[in-house]
Amino acid sequence: MSVLVVGADIGGTSTRAAVATADGSVLALAVGGPGSPVGVGLESSAAEIRSVVDAALDGIEGVVVAYVLGLAGGSTARDDAVFAAAIRPGRSTVPPTLVSDPAVAFCSATPAPEGYVLVGGTGAVAARVADGEVTAWSDGLGWLLGDLGSGFWLGREAVRRTLLALQRGDELTPLQRAVVELAGSQDYVRIVSDCYADRPTAIGRYAPLVSEHVSDSPDAAAIAAEAADALTATLSGLEPEPDLPVVLAGSLLSRPTPIAQLVRARLGERRNPVLTATEGTVGACWLALGALGIDDPSVHARLNATAAGLVPRRAAV
């Protein structure tokens, strides 16, 4: 019977899983809804993960001999035996191994055993990764206490500066006009009320407006520059050793955004190769293969190449 590994990437927006062979061929990808225990609770998280993993394994012959999950907000789940049992597929001969999601982001981009990852998404964090484990953190303190330069931070800055302009009766900039249009009102009191009525991180929906108006709105350019400075400072908090790779991850940094360009320019002064995260499930599969003693860089390259050609299956709701 074929030997299989399963790698999963569990976040607050989506749950993704991949099935791969020992030679690094990804056979299937599957995707579902939010799976982070912090966002949906342990029981719903387990149900979503199991549904997505089962969808990835559907129709594939073999036994799962290694199973790794990168989990956002996974500290509450790591030592929960009920959670571990609930997410384990019937064909698995081993219990799941839970790691931090920055670790799978790092391992998606490089087979190197050690380096750094800078994540810029709804939140923001930098981590040092060694042998699949996060050994040091910088920021990642959440929207209330940190996450400087994150999507939340960008959205809040765009709205905050718009509110101040409305209070003063200033002529609005292109960015501020876009904020007003998305908010559906020019009444700053109503915008404030709407922001407080929604969940705190929902203000991140204004973040894309900053990137869209970097070229035609000086305030957007200033916010983007401040975000890039903050993200670079977050990485600097780890005092990166020269020559070790730095992986950029998250929607702000893994895509060709103005902020990614600014961060790359700032990191260009360092002696660290700068890489871009790929499919998080690839990083999880690489760690699963590592548990089997497989560390050939060509296997890592095959994981990325084969995953890139697959259309993810949609897990049953």
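The model shown is predicted, which means the values in this text are computed figures rather than measured ones.

A. Representation of the nonpolar core. Core analysis: the largest hydrophobic core is formed by 41 residues, its most contacted members being L118, L154, L253, I259 and V263. Of all elements in the fold, only β6 (114–120), β7 (124–130), α6 (151–168), α7 (174–183), α9 (207–212), α10 (218–236), β9 (246–249) and α11 (258–267) reach the threshold of two or more residues within this core. Broken down by element, the residue count for this core peaks at eight residues, all from α6. Beyond its immediate chain neighbours, meaning those up to four positions away, L118 contacts V125, A126, L231, T234, L235, V247, L248, A249, L253 and V263. Counting residues in each nonpolar core, the second largest holds 33 residues, with V99, L287, A288 and L289 among its members.

B. Layout of the packing of helix α12 (residues 280–290) against helix α13 (residues 297–308). Contact geometry for α12 and α13: axes closest at 10 Å, N-to-C directions at 145°. For the pair α12 and α13, the sense of crossing is right-handed. Between α12, through V282, C285, W286 and L289, and α13, the contact on the second element is made entirely by P297, V299, H300, L303, N304 and A307.

C. Molecular detail of the pairing of β7. Within β7, six of the seven residues are buried, which leaves the element mostly enclosed by the surrounding structure. In this structure, the hairpin formed by β6 and β7 is closed by a connection of three residues. Of the strand pairs in this sheet, β7 and strand β8 (residues 133–139) are connected by six bridges, and their pairing is antiparallel. Looking at the pairing, A130 lines up with E133 of β8. Once β7 ends, the chain turns through two residues before running back antiparallel as β8, passing D131 with a positive phi of about 55°.

D. The arrangement of the pairing of strand β4 (residues 63–71) in detail. Along β4, seven of the nine residues are buried, which leaves the element largely enclosed by surrounding structure. The pairing of strand β1 (residues 3–10) with β4 spans eight bridges and is parallel. Paired with I10 across the bridge in β4 is L71. Two strands pair when backbone bridges link them, and β4 and strand β5 (residues 97–100) are joined in this way by four bridges, in the parallel orientation. Of the residues in β5, the one forming a bridge with L71 is S100.

E. Region of the structure containing α10. Taking 1.5 Å per residue as the helical rise, α10 with its 19 residues ought to reach 27 Å, and the 27 Å between its terminal C-alpha atoms agrees with that figure. Within α10 the residues assigned to the buried category are D219, A220, I223, A224, A227, A228, A230, L231, T232, T234 and L235.

F. Geometry of the side chain of N272. Structurally, the position occupied by N272 is in the loop between α11 and β10 (274–276). Using a relative accessible area of 9% as the deciding quantity, one classes N272 as buried. A polar contact is formed between the side chain of N272 and the backbone oxygen of E241, at a distance of 2.7 Å. Side-chain polar atoms of N272 contact the backbone oxygen of L244, separated by 2.8 Å. Among residues more than four places away in sequence, those in contact with N272 are P240, E241, P242, D243, L244 and V246.

G. Quick look at a nonpolar patch on the surface. Together, L141, W143, L144 and L145 make up a nonpolar patch on the protein surface, roughly 480 Å² of accessible area in all. Its location among the elements puts L145 in helix α5 (residues 142–145).

H. Just the sheet that holds β5, in detail. Read from one edge to the other, the open sheet built from six strands follows the order β5-β4-β1-β2-β3-β11, with strand pairing classed as mixed. The sheet is open, and its two borders are formed by β5 and β11 (313–314), each paired with just one other strand. Here strand β3 (residues 26–32) runs beside β11; their pairing, made up of two bridges, is parallel. Across the sheet, V31 pairs through a bridge with R314, a residue of β11. On the sheet, helix α2 (residues 42–57) packs against β1, β2 (15–21), β3, β4 and β11 and is oriented at approximately 35° with respect to β2. Where helix α4 (residues 101–109) meets the sheet, its contacts fall on β1, β4 and β5, and the angle it forms with β5 comes to roughly 85°.

Here is what the cut-offs are and how they apply
Residues numbered from 1 in each chain as written. Predicted model: local features only at pLDDT ≥ 70, side-chain atom pairs only at ≥ 80, totals over all residues. Heavy atoms only, no water. Core = buried A, V, L, I, M, F, W, Y, C linked by side-chain atoms within 4.5 Å. Buried < 20%, exposed > 50% of the residue type's maximum accessible area, 1.4 Å probe, protein only. Helix = DSSP H or I, 4+ residues; strand = E, 2+ residues; numbered from the N terminus. Contact = heavy atoms within 4.5 Å. Axes fitted to C-alpha atoms, helices over the stretch in contact; angles between N-to-C directions. Left-handed = near helix turned anticlockwise from the far one by under 90°. Pairing = 2+ DSSP bridges. Expected span 1.5 Å × (residues − 1). Polar contact = N/O pair within 3.5 Å; in protein donor to acceptor, adjacent residues only side chain to side chain. Patch = residues over 30% accessible without salt bridge, like charges linked within 9 Å, V, L, I, M, F, W, Y side chains within 5 Å. Areas by Shrake-Rupley, 256 points an atom, 1.4 Å probe, with all protein chains shown as cover. Salt bridge = Lys/Arg side-chain N within 4 Å of Asp/Glu carboxyl O.

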